[in-house]
Amino acid sequence: MGSERAEFAPATAHGLRAERKNDHLRLAHGQATAREAGAARSDFDELQFIHHALGGIDSADVELSVEVAGARWPCPLFINGMTGGTDAARGVNRALAAAARETGVPMGCGSVSIALDDPRTAPSFTVIREENPEGIVFANLGADRPAADAVRAVELVGADALQIHLNAVQEIAMTEGSRELGGWRDSLQALIAASPVPVIVKEVGFGLSRRTIDELGALGVHTVDVSGRGGTDFLAIENERRGDDGFAMLAGFGQSTAECLLEAAGREDVTVLASGGIRNPLDAVKCLALGARGVGIAGAFLRVALDGGGPALIDRIEAWQGQLRALLALLGAPDPAALEERDLLVRGRLLEYCGLRGIDASALARRRPPAASLGTQEPGSESGEKT
Ligand code: FNR
């Protein structure tokens, strides 16, 4: 953010809630920096495309745009909801919004409830529209908020869609978190009914199970973001904020993004977005191949924005867009949906997960290969060996 680089000064005026927002930025930045420096395993590493050396197409023939929640996105990437509520958050949102404007990618913000409860913090959210008047922007609320907040949140941000987050694990790990999770279905339903724009229900890094997505579909939700384990870790963040080992016992709780997508694959009723631990465009392509329509990035882009400001994030997103196009050309996919026909091997712990959850991983390894149109036979393909 150049001259607006966040200093993470302790919050004074807005108390504990604002301090938490600054803690989240600082600790998530630290986690993302450590993830980039280290070689931590990711479930995405257990997904492997079968390479077909003659299967490529011209990158000029790749169309990256996708339709999500009633809007046409120029490419499947989006900046996921993160922050707002403090001066530091305002600087971050300004940098993220500038990058979103220059690259055309949609962006979310952090939960706006802090501004609905304390209007003095509103500029940390309204800065997004100041920077990016024409772009696709999401407002963000917790599922426990009153129905009227849906309209207030969307108006405050000038939002095109409303993200509603389900963050039960984080609430439990937070000293000041809610212990009243039982009313979420009802309050969520009321928020959905009241929202003047399409709703995207998301997790915050612990994943949406098949059962949860079924329930959300029944509640009338058309778009979900699985936001699985593997990236920003709010259990670790909240444990660090507590200063004790409080809920460290839950480390590893929840489903990874790849696990969630394998569970959600093939649904017609709900559009699935992927987020949680996306490190690079290849991870994003794997998400698309598992049926995600769009791919959200939070921690990795926050790291770039905090260290290099808006211009560095513009460079990063433009590089990712170019690499995404190149990867689709390599895989012979004229558009993101075509990736769902590419052969994908599931290995290791991820394969074990498939076995336990009744997911047919071998079908993914033998989808419709590009060579099929040439009349060649692939193992297990329709014209090939029977399994
Ligand atoms: C978040 N995330 C988040 N999500 C949400 O719905 N409302 C929120 O207020 C926040 N706040 C927030 C703050 C910070 C600093 C970060 C990094 C993230 C969660 C985010 O949208 C995403 O679901 C997870 O971070 C997983 O994605 P990554 O970070 O692994 O790419």
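As the structure is a prediction and not an experimental result, all values here were calculated from the model.

Caption draft 1: Region of interest: the overall build of the protein. When helices and strands are counted, the protein shows 14 helices and 12 strands. Against the compact-globule benchmark of 21 Å for 387 residues, the protein has a radius of gyration of 21 Å, which places it among compact chains. Dimensions along the principal axes, computed over C-alpha positions, put the protein at roughly 70 × 40 × 40 Å. With 387 residues in all, the protein has 55% of them scored as buried. A fraction of 73% describes how many contacts in the protein between residues 6 or more apart in sequence connect residues 24 or more apart. Working note: accessible area of the protein is about 16,300 Å², and carbon and sulfur atoms make up 51% of it. Charge centroids of the protein, computed over 38 positive and 53 negative side chains, lie 2 Å from each other.

Caption draft 2: Region of the structure containing the site of the ligand. What surrounds the ligand is a group of 21 residues, the closest being Gly81, Ser227, Thr232, Gly277 and Gly299. A distance of 2.7 Å separates an oxygen atom of the ligand from a polar atom in the backbone of Gly81. Contact between the ligand and Asn140: an oxygen atom at 2.9 Å from a side-chain N or O atom of the residue. In the complex, 96% of the free accessible area of the ligand, which totals 610 Å², lies under the protein chains.

Caption draft 3: Expanded view of the packing of helix H1 (residues 15-37) against helix H12 (residues 299-330). Remark: H1 packs on H12, axes separated minimally by 8 Å, with the N-to-C direction vectors making an angle of 105°. The orientation of H1 relative to H12 falls into the category roughly perpendicular. Where H1 approaches H12, its residues Leu25, Ala28, His29, Ala32, Thr33, Arg35 and Glu36 are matched on the opposing element by Gly299, Ala300, Leu302, Arg303, Leu306 and Asp307. Partitioned by chemical class, the residues of the contact of H1 with H12 number six nonpolar, three polar and four charged.

Caption draft 4: Summary view of the pattern of salt bridges. Counted by the stated rule, this structure contains 28 salt bridges. In this structure, the salt-bridge partner of Arg17 is Asp117, at a minimum N-O distance of 3.0 Å. Here Arg17 is found in helix H1, whereas its partner Asp117 is found in helix H3 (residues 113-117), with 100 residues between them in sequence. For Arg17, a relative accessible area of 25% puts it in the partly exposed group. Residue classification places Asp117 among the partly exposed positions, given a relative accessible area of 43%. Glu259 serves as the salt-bridge partner of Arg229, at 3.4 Å between the closest nitrogen and oxygen. One end of the pair, Arg229, is in the loop between strand S9 (223-225) and helix H9 (234-242); the other, Glu259, is in helix H10 (residues 257-264), with 30 residues separating them in the sequence. Take Glu259: its relative accessible area is 7%, and that puts it in the buried class. Here the salt bridges do not stand alone but share partners, grouping Arg20, Asp23, Arg26, Glu176, Glu238 and Arg241 into one network.

Caption draft 5: The arrangement of the packing of aromatic side chains in detail. Considering all chains together, one arrives at four aromatic pairs under this definition. The rings of Trp73, Phe78 and Phe138 are connected pair by pair, giving a single aromatic cluster.

Caption draft 6: View of the state of the cysteines. Summed over all chains, the structure comprises zero disulfides. Looking at the unpaired Cys260, the closest cysteine sulfur is the one in Cys287, lying at 10 Å.

Caption draft 7: Structural detail: the confidence of the model for the protein. Within the protein, residue pLDDT values average 92, and 91% of them lie at 70 or more. Below pLDDT 50 for its whole length, residues 1-13 participates in 26 contacts with residues either more than four positions away or in separate chains. Confidence drops under pLDDT 50 across residues 380-387; counting only partners more than four residues distant or on other chains, this segment forms 11 contacts.

Caption draft 8: Local environment of helix H11 (residues 281-289). Along H11, eight of the nine residues are buried, which leaves the element largely enclosed by surrounding structure. Taken together, the buried positions of H11 are occupied by Pro281, Asp283, Ala284, Val285, Lys286, Cys287, Leu288 and Ala289. Where H11 begins, the side chain of Asn280 points an oxygen toward the backbone nitrogen of Leu282, at a separation of 3.0 Å. Gly291 occupies a position one or two residues after H11 and carries a positive phi of about 105°.

Caption draft 9: Seen up close, unusual backbone geometry. At Ala69, a residue that is not glycine, the phi angle is positive and equals roughly 45°. The partly exposed category is assigned to Ala69, whose relative accessible area is 21%. Residues other than glycine seldom take positive phi values, yet Ser227 does so here, at roughly 35°. By the element assignment, Ser227 lies in the loop between S9 and H9. Residue classification places Ser227 among the buried positions, given a relative accessible area of 6%.

Calculation criteria
- Position labels on residues start from 1 in each chain and follow its written sequence.
- This being a predicted model, a pLDDT of at least 70 is required before a residue's local features are given, and a value of 80 or more before pairs of side-chain atoms are given or counted; all residues contribute to the totals for chains, interfaces and linings.
- The side-chain values count all of the structure's non-hydrogen atoms but skip hydrogen atoms and water molecules.
- In this text, helices come from DSSP runs of H or I with a minimum length of four residues, and strands from runs of E with a minimum of two, each type numbered from the N-terminal end.
- Two things to know: the radius of gyration comes from C-alpha atoms, and the globule rule equals 2.2 Å times the number of residues to the power 0.38.
- For each residue, the accessible area found with a 1.4 Å probe, counting protein chains only, is set against the maximum for its type, and the residue is called buried under 20%, exposed over 50%, and partly exposed in between.
- Contacts: residue pairs with any heavy atoms within 4.5 Å of one another.
- To measure how exposed things are, a 1.4 Å probe is used in the Shrake-Rupley method; for residues, cover is taken only from the protein chains shown.
- We treat Lys and Arg as the positive residues and Asp and Glu as the negative residues; His and chain ends play no part in the count.
- Where a charge lies is defined by one atom per residue type: Lys uses NZ, Arg uses CZ, Asp uses CG and Glu uses CD.
- Note on terminology: near, applied to a residue and a molecule or strand, indicates that one of the residue's heavy atoms is within 4 Å of it.
- The definition of a polar contact used here is a pair of N or O atoms within 3.5 Å, where within protein one atom must be able to donate a hydrogen and the other to accept one, and adjacent residues in sequence count solely through side-chain atom pairs.
- For helices, the fitted line uses only the C-alpha atoms of the stretch in contact; every axis is such a line through C-alpha atoms, and the angle between N-to-C directions lies from 0 to 180 degrees.
- Oblique is the label for any angle not under 35 degrees, not over 145, and not in the 65 to 115 range, which are roughly parallel, roughly antiparallel and roughly perpendicular in turn.
- Classification used: nonpolar for Ala, Val, Leu, Ile, Met, Phe, Trp, Tyr, Cys and Pro, charged for Asp, Glu, Lys and Arg, polar for all others including Gly.
- One side-chain nitrogen of Lys or Arg within 4 Å of one carboxyl oxygen of Asp or Glu is enough to make a salt bridge.
- Geometry of aromatic contacts follows a simple scheme: Phe, Tyr and Trp rings, the Trp one being its six-membered ring, pair when their centres are within 6.5 Å, and the pair is stacked under 30 degrees between planes, edge-to-face over 60, tilted otherwise.
- When two cysteine sulfur atoms lie within 2.5 Å, the pair is treated as a disulfide.
- Within a predicted model, pLDDT stands for the predictor's per-residue confidence, ranging from 0 to 100.

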